[in-house]
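Listed below are the residues making up each chain.
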Amino acid sequence: MMNCKIPFNQLYIHSSGKVYPCSFLQNNADFVLGDIQTQKLSEIWNSPLANQLREAHRQSPPKRCLENIANFNCCNIGQRPYFVDINATQPVIRRLDIMLDSACNLTCNMCTNIYDETGGLKSEFFWENNQDVFSSINELELVGGEPLISPHFKRLVKLVAPINANLDWRITTNGHFKISNELLNHFSQINLRILTISVDSLNKSTFELIRKRSHFNTVYENVFELSKSITKININMVIQQINRHEVLQIYEWCLKNGFGFYPILLLYPSNHSISQLSPELQSEWIRSIITYNNIALSKEIFFLIKKSISSLTIKHDKELLIYYYDHLKSMEQVLV
């Protein structure tokens, strides 16, 4: 059984102010550990609820966590070299994952965050009582909504940059905004380890169907403009029915331009998911990906294949599974 280290190393702050172990458990009342509007992060971390959750994970992850591990491989997504083991006697917060706001300047066909409760980070209690945690963590990840249009981003930089200069910042953005001198100045004040930009298609019409209210050219140009001053750019691609044939094109575009590639297989909402296609179309799609990766030997593509095999109805296709296992043998040299 896979051990999940996340409850022993991080907290996830939702835009409502509620605190969870991770984003995969957000909006689930059974996993609320506290609220930043009335509790310090250190109090939440050391609370009976947090300790009970960690003890449960030492025995066997809760049913919901086991389902998430099976569906999303979430226990591996957030792993970091500085994470302590689940048997650590005194786990401390090493990472914060913060959904600054559910507000966004786009309306994407697969997004559910826009319906989330927001306003939790408006609490002055949060900003005035957590310097101890902000000064000691190793990593801070910001998501949304769109975090870079939130006033909380500027305030967080002003608060945290002076007290934790070595902190690794990771930000996920849709890149759909004007790159101002003010924004670049904020970037210059932090150790921005990775900026992840969502690019689901290199086809203008497809991109704008997925990310409604967007202008493809704005995002495309911003990717290259931001890459001039930011060392590491990752490209998120949310793979769904409409863009499934662009996976390899976007991967090669990332390789050509020195961007990281992070494919995400969309499962929910299901009406946009590849899972709703016929088994024949699913099989045709994944076979093309495997055939390509027999030569490319990409870890990113491999884990997409693995995820697809386990999540889609093609896991019952015996011929496809044999093809997959043959590919697995060729990947052993890369995955060690």
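Thresholds applied
- Residues numbered from 1 in each chain as written.
- Predicted model: local features only at pLDDT ≥ 70, side-chain atom pairs only at ≥ 80, totals over all residues.
- Heavy atoms only, no water.
- Helix = DSSP H or I, 4+ residues; strand = E, 2+ residues; numbered from the N terminus.
- Buried < 20%, exposed > 50% of the residue type's maximum accessible area, 1.4 Å probe, protein only.
- Pairing = 2+ DSSP bridges.
- Right-handed = clockwise from strand over helix to strand, strands pointing away.
- Core = buried A, V, L, I, M, F, W, Y, C linked by side-chain atoms within 4.5 Å.
- Contact = heavy atoms within 4.5 Å.
- Salt bridge = Lys/Arg side-chain N within 4 Å of Asp/Glu carboxyl O.

*Asks:* For this particular structure, what's the right way to read unusual backbone geometry?
*Replies:* What is expected of a backbone is that most residues other than glycine have negative phi and most peptide bonds are trans. Backbone torsion omega between Gly144 and Gly145 reads 15 degrees, so that peptide bond is classified as cis. Structurally, Gly145 can be placed in the loop between β6 (139–143) and α7 (151–160). A cis amide bond, omega 0 degrees, links Tyr268 with the succeeding residue Pro269.

*Asks:* Mind showing me how you'd approach the pairing of β6 here?
*Replies:* Residues in a regular strand point their side chains to alternate faces of the sheet. Across the five residues of β6, five count as buried, placing the element largely inside the fold. Neither face of β6 is exposed, since Glu139, Glu141 and Val143 on one face and Leu140 and Leu142 on the opposite face are all buried. Strand direction decides the pairing type here: strand β4 (residues 95–99) and β6, joined by five bridges, are parallel. Residue pairing for β6: Ile98 is matched across the bridge by Leu142. Of the pairings in the sheet, the one linking β6 to strand β7 (residues 168–173) comprises four bridges and is parallel in character. Paired with Glu141 across the two strands is Arg170, which belongs to β7. Taken together, β6, α7 and β7 constitute a β-α-β crossover, and its handedness is right-handed.

*Asks:* When you look at the nonpolar core in this model, what are you seeing that I'm missing?
*Replies:* Soluble globular proteins: nonpolar side chains tend toward being buried together. One finds Leu96, Phe153, Leu156, Trp169, Ile235, Val247 and Trp285 to be the most contacted residues of the largest nonpolar core, which totals 94 residues. Among the elements that take part in this core, helix α11 (residues 247–257) stands out by supplying six residues, more than any other. Beyond its immediate stretch of four places on either side in the chain, Trp285 contacts Ile239, Arg244, His245, Val247, Leu265, Ile274, Leu304, Ser308 and Leu312. Core analysis: the next-biggest nonpolar cluster, separate from the first, contains six residues, Cys108, Ile210, Val238 and Leu266 among them.

*Asks:* What exactly am I supposed to notice about the pattern of salt bridges here?
*Replies:* Two side chains bearing opposite charge may form a pair once their charged atoms approach each other closely. Enumeration according to the criterion identifies 12 salt bridges in this entry. Note that Lys18 is salt-bridged to Glu117, the shortest N-O span being 3.6 Å. Here the residue Lys18 occupies a position in strand β2 (residues 18–20), and Glu117 occupies one in the loop between β5 (107–108) and α5 (124–128), the gap between them amounting to 99 residues. Relative accessible area serves as the criterion here: at 28%, Lys18 is assigned to the partly exposed category. Residue Glu117 is classed as partly exposed on the basis of its relative accessible area, which comes to 47%. For Glu139, the salt bridge is made with Arg95, and the minimal N-O distance between the two is 2.6 Å.

*Asks:* Mind showing me how you'd approach the pairing of strand β11 (residues 260–265) here?
*Replies:* Pairing between strand β10 (residues 233–239) and β11: six bridges, direction parallel. Counted as the bridge partner of Asn234 is Gly260 from β11. In terms of handedness, the path from β10 via α11 over to β11 forms a crossover that is right-handed.

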